[in-house]
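Residue-level structural notes
One-letter residues, chain by chain:
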Amino acid sequence: MIHSLFLINHSGDIFLEKHWKSVISRSVCDYFFEAKEKAVEPENVPPVLQTPHHYLISIYRGKLFFLSVIQTEVPPLFVIEFLHRVADTIQDYFGECSEGVIKDNVVTVYELLEEMLDNGFPLATESNVLKEMIRPPTILRSVVNTLTGGSNVGDTLPTGQLSNVPWRRAGVKYTNNEAYFDVIEEIDAILDKSGTTVFAEIQGVIEACVRLTGMPDLTLSFMNPRLLDDVSFHPCVRFKRWEAERVLSFIPPDGNFTLMNYHVSSQNLVAIPVYVKQSISFFETGPCGRLDITIGPKQNMGKTVENMMVTIHMPKAVLSANLTATQGNYTYDITTKVLVWDIGKLNPQKLPNLRGSLSIQAGTPKPEENPSLNIDLKIQQVAISGLKVSRLDMYGEKYKPFKGVKYLTKAGKFQVRT
Amino acid sequence: MQEWANQLCENRQFGSKMTDSKYFTTTKKGEIFELKAELNSDKKEKKKEAVKKVIASMTVGKDVSALFPDVVNCMQTDNLELKKLVYLYLMNYAKSQPDMAIMAVNTFVKDCEDPNPLIRALAVRTMGCIRVDKITEYLCEPLRKCLKDEDPYVRKTAAVCVAKLHDINAQLVEDQGFLDTLKDLISDSNPMVVANAVAALSEIAESHPNSNLLDLNPQTINKLLTALNECTEWGQIFILDCLANYTPRDDRESQSICERVTPRLSHANSAVVLSAVKVLMKFMEMLPKDLDYYGTLLKKLAPPLVTLLSAEPELQYVALRNINLIVQRRPEILKHEMKVFFVKYNDPIYVKLEKLDIMIRLASQANIAQVLAELKEYATEVDVDFVRKAVRAIGRCAIKVEQSAERCVSTLLDLIQTKVNYVVQEAIVVIKDIFRKYPNKYESVIATLCENLDSLDEPEARAAMIWIVGEYAERIDNADELLESFLEGFHDESTQVQLQLLTAIVKLFLKKPTETQELVQQVLSLATQDSDNPDLRDRGYIYWRLLSTDPVAAKEVVLAEKPLISEETDLIEPTLLEELICHIGTLASVYHKPPSAFVEGSRGVQHKRLPGSAGSADSVDSPDTASAAGVSEAPPAVIPSQGDLLGDLLNLDLTPPTATGPPPAPSSGLQMGAMDLLGGGLDSLPPIPLRTDTPQSPQFYHQSPSPPDYSPTELGGDLGGSPALGAGFGAPPAAMPASFNAPVSGGLDDLFDLGGGVGMPMGSYSPPKTVWLPAMKAKGLEISGTFARRAGVIQMEMTLTNKAMSVMTDFAIQFNRNSFGLAPAGPLQILTPLSPNQSIEAALPLSTVGPVMKMEPLTNLQVAVKNNIDVFYFSCQYPISMLFVEDGKMERQVFLATWKDIPNDNESQFQIKDCHLNSDAASNKLQGSNVFTIAKRTVEGQDMLYQSMKLTNGIWVLAELRVQTGNPNYTVSLKCRAPEVSQCVFQSYEAMLKN
């Protein structure tokens, strides 16, 4: 099972280590540093490394490497999932997952790690359970603790640990009972030069924020559940009922959680909300190239496309860009060679356009690669797949909760090739 | 101390947010001293702060072990946080301060009785983490109580503690009966306890591969399946991985398990999903294919696999490695999902490369257009590694989907036109493979290729180009010029290019002999005289010899039809694939190697296999795949990179076989020399002393994962025949027979004969091992072997190789009655089970007192071998020289009398050709095998040796060996009262002399 964990920052310093079995010297990380060196970009470091006596499994999140050391045959996905869970927990506790925040709360992080694994076996990874055992720091609590000598470690057994609903603590009480659901869809798509869709799919997620007293039993039903190709649920969802009736029936955890993830794959029609007309060309002679991009609305279900942004990773040889945008601003970062065009709202009457010339380092050959465009966008109040929640019912409790559903569509990995 | 205290006060004063980062700032001297004072402070709050500071130092790797007694003193507190902090410290440092750690024991024991289950659990958990032997004794009693605690939280913590304790002191755990308690916990009412018990047992079982810890039966399976629905996500992973080890009794049970596992495919945790996929993939094997449920299950598997690809890149990577296995086993699952593997430009490189691999595996006639368009797109990306692989992928598509070959070739030509250096080089390498797959189809592109000759700077591309020029020399007008241009810098080229150039020029010469005579002479002299690379030199000599002796044969050999390459070359070999499917989701599946190949300390890891036999029988039947299993550790090569048949033959030995550690046995050449030097003084010396220094001396059998072909014994005997031996073992030239260095001496004749493929029995004192029982006839068991006489005992030396997927045990052997009453002198000594892909050497001493029956041929031996699977029969022949006894030297007088006494009808005469020993050497050599020279006479430059030998059953054989100086042909006359043996004896003579 998981033997040790090292947290390593961007520049390669180990700033925290935790061992769940015997202590392993941090020199084991040298193999990782070697691989990191080789990969150049931190994103490209292979997640599973073999060393003579150990295996190193790492994830890269928030400019930090979470590097775990294992010694025996352990499912790597198990380790990677766990590492992400650690990062999630840190984020959940302290608002962000960064070196600074971890150093500021090093003892709490250490206590958390100790609670999350025992001898390498996961012990408590549910945020609800953890929070009952180790309370997240708040300014108020730290002041109170200093004055009273109290502690931020709970001394009763977390109620969720052993019940059939480990995700929910007992005795929850609210004066305002509310249940909100956000249906968020991300479009992953690749469009080719001519604008034809090479590949498109929708990754959807339903995030919930449930603050309800007692032990409510909720049922969420959709107008068109057959849309979904693949679903994965929070453990609270009763799978049998989904199989039989296509409704989500569950006793919710308390607070924020991800109720389900779903997938609408390319076989179904995935609407592409915008079209992109582009041409980026470099000339054989003369140190320059041309760029011309126009974006227009396509299938956006009658809603406005907002937060439009185009990002282009230019070839190394491109020195500067001299462009005019009819809408929004553009920036070109010379060191990273990234061109960003921030458009904002998409106006169907007056299509935004960016055009102008690119200058190339003199003496270098014409760049061979074609830069891809990365598109960001948001459409409020619509799930692009057409998924709709029809109703939410509550059983088991008497009060009337506030209910609400919000929809949002975003671009995920939305790329246009040139 | 002051400063830090002041800082703390300041923080409070200004009400600023207190953080732990201050712990990082105190690095000045005297820090430890300050902390000591604080730890001993009376104020609770100060104590806690101090412990926190200690922990902070510890987490960043500072050594604070000196504070051990002070920290442990803080342990007796009712403040849970402080207690936990002290525990954290203890776990880290107890190992280095075992005596001090004992101080803490009392508190632990007390805490295990605490009314609060949280504290009981914490105590038992922490105690297990203190890896000090002395403490373990005190741990047993509290642990026993906690395992039976009324609170499930304590029980599940205790279950894990058993695993911890086992890690520290396995014997103790067994003696105390904790393993049984743990097994009982599998039936616990609480699913979390069940999951932890399974996890703990699995971990313990890993270090006890043969124990029956997780004895799965339908009842326990049912309990596990019930717990599966109710335990945490991590518990589900443990339970699913455990279920995957179970073999259902029949397809109905298999289906019912599958039905209960499928809901796990919808879990948000990808590790749960993949473990569920493993169980389903395995149990699916047992379902009949026409079952409706089978189809349903196939359909259910695709969406979750696709969804895994939208997760974080690290998860994607592991998922992709596994999907790679799944599409090889069951391509139908994802055949419609090609598009999800399309590469996004900002995917990490490790994801891109894996996606590309799967795209090729899924490529079919239906989707090839799409795939090619994508690949072409990728070939213009930035990342060089990725671009290269994309270009290679186009070539692989051409080989895989025949209909697309033309399209692929034209795509490749387009890419060559880009003139991007590495793209061009990769393209040329793959076009070479396309030529091999579809000969005489796309040669029109050669002109385009030749244009790019100058830009090639990588050995592989150069070698590929040279191969193309050589192979199609007759269609390239200026082939000689092209090749000549390479020849200029011959010595700066890499070996790969040199070898290829040599072969190409020889091909060219055979095709256009008139114009290229000079060129071929040039390259042969470069290769043989100016090179110190033994491979190159040997290949050069072979060609030289070939060309000078028999150009027709040369043509047949060099320009022989080449076997076609196919897509299969890059598939994982089926038996390995089956094993890897059983390991989906594990490290093995990421590395595509069986766990036995890399898991440390895996003593005899059980090889898993898929249930059902439909697929496995096929794979064993094919000798090709079976032999590939032996070298499965090497990553599957895309396509054999060397062009021609002969090249492949020679290149097999290009790199020294790493699996064979020991140096080769003294070569026969040396051995012979030594005997020469010592002359007759060696009369009574049996051959064994010369061999005992080889690590593979026959008294031992040793296991080696290497294929038997590499065994040193054989190589020793094989020296003359394998031109690459020198290279293979890096033996200095001095170790070779002298004739090896002289191109025209008779020694090369041998070389040529053998290199040309004339089969001849080999072996110095015992013939090389031959395959007696091929794996396909014996359900995966392969036996190759030979006979040897060592120190007067006849030995049957065998290499048993397990090419099946299950472990073989319980070996036994029996002989049929035979001509000389050979029988095993003892049982076959194979003590350890033979794991798949493993070989074992066994030496069986034989006696000659068994029942006798005349066989045809005389030296035929029928053998039965039994193992846990079945009984197998094979027959083999032993060289009769094994039966020559040590006291076979006849008195001169007796010899004379006997010779006369035996009627002339019983005399037979044979010729031994091409033997280059002088009479003394021959005599010595024969003496090693108990053929004794009684007298020697020289008449007119002809040596006559009179020899005798005695068989185990008392039959005497008399011989007259005539050796004429300068004539490589010997004449043997044999006289024996039982003339049937003469033929066998003659064969032995020839074998003995020629080795």
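To be clear, the structure that these remarks concern was listed above.
Attention here is on the structure that accompanies the text. Given the structure is predicted, the values throughout are model-derived calculations rather than measurements.

The next thing to look at is the pairing of strand β5 (residues 812-815) of chain B. Residues and elements named next belong to chain B. The two faces of β5 differ: I813 and F815 on one face are buried, but A812 and Q814 on the other face are not. Of the strand pairs in this sheet, β5 and strand β8 (residues 860-866) are connected by four bridges, and their pairing is antiparallel. Looking at β8, one finds that A812 is bridged to K866.

With that settled, the discussion passes to unusual backbone geometry. For residues that are not glycine, phi is negative in most cases, and the peptide bond is trans in most cases. The residue after B:E856, namely B:P857, is reached through a cis peptide bond having omega -10°. Along the chain, B:P857 falls in the loop between β7 (839-847) and β8. The backbone of A:V40 sits at a positive phi, close to 65°, despite the residue not being glycine. Note on A:V40: relative accessible area 65%, which makes it exposed.

Quick look at the sheet that holds strand β15 (residues 288-297) of chain A now. Strand pairing in a sheet relies on backbone hydrogen bonds. The paired strands run either parallel or antiparallel. All names here are of chain A. Across the sheet, four strands lie side by side as β14-β15-β20-β17; this open sheet has antiparallel pairing. Among the strands making up the open sheet, the edge pair consists of β14 (274-282) and β17 (318-325). The average angle at which neighbouring strand axes cross in this sheet is 15°, direction not considered. Looking at chain direction, β17 and strand β20 (residues 353-360) are connected through seven bridges and run antiparallel. Its bridge partner lying in β20, S320 is registered against S359.

Glancing now at the interface of chain A and chain B. Taken together, the contact between chain A and chain B spans 99 residues of the former and 103 residues of the latter. Summed over both partners, the interface of chain A with chain B buries about 8800 Å², with 58% contributed by carbon and sulfur atoms. Our count for the contact surface shared by chain A and chain B stands at ten salt bridges. On inspection of chain A and its partner chain B, the count reaches 24 residue pairs in polar contact (both at pLDDT 80 or more). Element by element, the count of residues in the side of chain A that touches chain B is highest for helix α2 (residues 76-94) of chain A, at eight residues. Across the side of chain A that touches chain B, the residue classes break down as 40 nonpolar, 33 polar and 26 charged.

Right, let's get into the sheet that holds strand β22 (residues 389-395) of chain A. All names here are of chain A. Read across the open sheet, the three strands follow the order β12-β10-β22; overall the sheet is antiparallel. Only two strands of the sheet have a single neighbouring strand rather than two, namely β12 (247-250) and β22. Taken pair by pair, the neighbouring strands of this sheet meet at an average axis angle of 10°, ignoring direction. Bridge count for strand β10 (residues 217-222) against β12 is four bridges, and the pairing is antiparallel. Within β12, the residue paired with L218 across the bridge is F250.

Residues and elements named next belong to chain A. Those residues of helix α1 (residues 29-39) not exposed but buried are C29, F32, A35, K36 and A39. Here the buried residues of α1 occupy an arc of 115° about the axis, which is enough to place them on one side. What points out from α1, more than 90 degrees from its buried face, is the exposed set E34, E37 and K38. At its buried positions, α1 is contacted by β1 (2-8), β2 (14-19), β3 (48-50), β4 (55-61) and β5 (64-70). Positive phi shows up at V40, right after α1, with a value of about 65°.

Examined bridge by bridge, β15(A) and β20(A) share seven bridges and lie antiparallel to one another. Directly across from A:C288, in β20(A), lies its bridge partner A:S359.

Residue and element names in this part refer to chain B. Side chains of E481, E484, E488 and E518 sit close together on the surface and give a patch of like negative charge. Inspection of the secondary structure puts E484 in helix α27 (residues 479-487). Under the relative-accessibility criterion, E484 is labelled partly exposed at 41%.

What counts as what
Residues numbered from 1 in each chain as written. Chains lettered and ligands numbered in written order. Predicted model: local features only at pLDDT ≥ 70, side-chain atom pairs only at ≥ 80, totals over all residues. Heavy atoms only, no water. Buried < 20%, exposed > 50% of the residue type's maximum accessible area, 1.4 Å probe, protein only. Helix = DSSP H or I, 4+ residues; strand = E, 2+ residues; numbered from the N terminus. Pairing = 2+ DSSP bridges. Axes fitted to C-alpha atoms, helices over the stretch in contact; angles between N-to-C directions. Contact = heavy atoms within 4.5 Å. Buried area = accessible area lost by both parts, 1.4 Å probe. Salt bridge = Lys/Arg side-chain N within 4 Å of Asp/Glu carboxyl O. Polar contact = N/O pair within 3.5 Å; in protein donor to acceptor, adjacent residues only side chain to side chain. Nonpolar A, V, L, I, M, F, W, Y, C, P; charged D, E, K, R; others polar. Arc of directions from axis to C-beta. Patch = residues over 30% accessible without salt bridge, like charges linked within 9 Å, V, L, I, M, F, W, Y side chains within 5 Å. Areas by Shrake-Rupley, 256 points an atom, 1.4 Å probe, with all protein chains shown as cover. Lys, Arg positive; Asp, Glu negative; His and termini not counted. Charge placed at Lys NZ, Arg CZ, Asp CG, Glu CD.

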